[in-house]
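What follows is each chain in one-letter form.
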Amino acid sequence: MARNKYPEETVNLILETAMKLFAEKGYEHTSIQDIINNLGGLSKGAIYHHFRSKEDILDAVTTKMSEQSNKMLFEIQNCPGLTGKEKLRKLLVESLNRSVHDEIFAAAPNIGDSPALVFSILRGTIDYTAPVYVLPIIEQGIADGSIQTEYPKELAELVLLVGNIWLDPMIFDDDPEGIYRKCKMYDQMLRAFGLDILDESVFERLRSLTEVYRKNK
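Caption draft 1: Quick look at the overall build of the protein chain. In terms of regular secondary structure, the protein chain is built from 11 helices and zero strands. Order of helices (α) and strands (β) in the protein chain, N terminus to C terminus: α-α-α-α-α-α-α-α-α-α-α. Taking 17 Å as the expected radius of gyration for a compact globule of 217 residues, we find that the protein chain reaches 19 Å, a close match to that expectation. Projected onto its principal axes, the C-alpha coordinates of the protein chain cover approximately 60 × 35 × 25 Å. Looking at the 217 residues of the protein chain, the share that counts as buried comes to 45%. Long-range pairs, those at least 24 residues apart, make up 68% of the contacts in the protein chain between residues at least 6 apart in sequence. Counting every atom, the protein chain has about 11,400 Å² of accessible surface; 53% of that belongs to carbon and sulfur.

Caption draft 2: Here's a closer look at the nonpolar core. Among the nonpolar cores identified, the biggest contains 60 residues, and I47, I57, L92, Y186, L190 and L198 are the most heavily contacted of them. With residues near it in sequence (within four places) discarded, Y186 still touches L92, V159, V162, G163, L167 and L198.

Caption draft 3: Structural context of unusual backbone geometry. For D173, which is not glycine, the phi dihedral falls at a positive 60°. Looking at the element boundaries, D173 is found in the loop between α9 (169-172) and α10 (176-191). Classification of D173 by relative accessible area gives partly exposed; the value is 36%.

Caption draft 4: Looking closely at the confidence of the model for the protein chain. For the protein chain, the average pLDDT comes to 88, and 96% of its residues sit at 70 or higher. When pLDDT is averaged over each helix and strand of the protein chain, the minimum, 76, is found for helix α6 (residues 100-107) and the maximum, 95, for α10.

Caption draft 5: Layout of the environment of Y213. Structurally, the position occupied by Y213 is in helix α11 (residues 200-216). Classification of Y213 as buried rests on a relative accessible area of 1%. Between the alpha carbons of Y213 and L96 there is a distance of 15 Å; along the sequence they are 117 residues apart.

Caption draft 6: Representation of the packing of helix α8 (residues 152-166) against α10 in the model. One can describe the packing of α8 onto α10 by two numbers: an axis separation of 11 Å at closest approach and a directional angle of 175°. Comparing the axis directions of α8 and α10 gives the class roughly antiparallel. When α8 is examined against α10, the residues L158, V159, V162, G163 and W166 are found in contact with a partner set consisting of K182, M185, Y186, M189 and L190. For the contact of α8 with α10, the per-class residue count stands at eight nonpolar, one polar and one charged.

Caption draft 7: Structural view of the pattern of salt bridges. Taken as a whole and assessed by the stated rule, the structure comprises 12 salt bridges. Linking D56 and R52 is a salt bridge whose minimum nitrogen-to-oxygen distance equals 3.0 Å. R205 is the salt-bridge partner of D102, the closest N and O atoms lying 3.1 Å from each other. In this pair, D102 is assigned in helix α6 and R205 in helix α11, connecting sequence segments 103 residues apart. Judged by its relative accessible area of 35%, D102 is partly exposed. The class for R205 is buried, based on a relative accessible area of 17%. Connected through shared salt-bridge partners, E177, E204 and R207 make up one network.

Procedures and definitions
- Residues numbered from 1 in each chain as written.
- Predicted model: local features only at pLDDT ≥ 70, side-chain atom pairs only at ≥ 80, totals over all residues.
- Heavy atoms only, no water.
- Helix = DSSP H or I, 4+ residues; strand = E, 2+ residues; numbered from the N terminus.
- Rg over C-alpha atoms; globule rule 2.2 N^0.38 Å.
- Buried < 20%, exposed > 50% of the residue type's maximum accessible area, 1.4 Å probe, protein only.
- Contact = heavy atoms within 4.5 Å.
- Areas by Shrake-Rupley, 256 points an atom, 1.4 Å probe, with all protein chains shown as cover.
- Core = buried A, V, L, I, M, F, W, Y, C linked by side-chain atoms within 4.5 Å.
- pLDDT = per-residue confidence, 0-100.
- Axes fitted to C-alpha atoms, helices over the stretch in contact; angles between N-to-C directions.
- Parallel < 35°, antiparallel > 145°, perpendicular 65-115°, else oblique.
- Nonpolar A, V, L, I, M, F, W, Y, C, P; charged D, E, K, R; others polar.
- Salt bridge = Lys/Arg side-chain N within 4 Å of Asp/Glu carboxyl O.

Structure below.
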């Protein structure tokens, strides 16, 4: 394959290839040479023209993974006519129902075998997603009386860390029943803050995705 003359397409090819390999083999067990071998003829120079190291590729991969999600979060954050509590429910439900999850869970990546990838997701959650997108929703909820907490920053982090990390079977390899029990516990925790925002359809959606993941892993 000839070198792609369009830089954006070359970058996308590198990131898609790296993302697939990180999920299949784990970040620690994927080398730059592994990525090159799966680029269909692109050279090592093509990679180093855009990325200084494998760590830079990992940063770009996690950024790419977050782009679509962040667009959705921005739209929900600015959705008119909803209370903070209603926005938080919309955020959790629509995040889980994104069609991309069906593809990801069917591909059955073993994210738990890649500590660097998990840590990168964690840092992105704490340093960016929680303060930029979820905290303003919680602060709105406090102002309009729909959310009760004295710790909005910590609640924003907790909601995302539990929802995105603890409830991810691709990280902890839970079975469908285990995920269902975790969902019930998550619901109980949220209700302690007056956030009765989950229902059985949410639990069944995650249990169904877990079944897909377990079937294909």
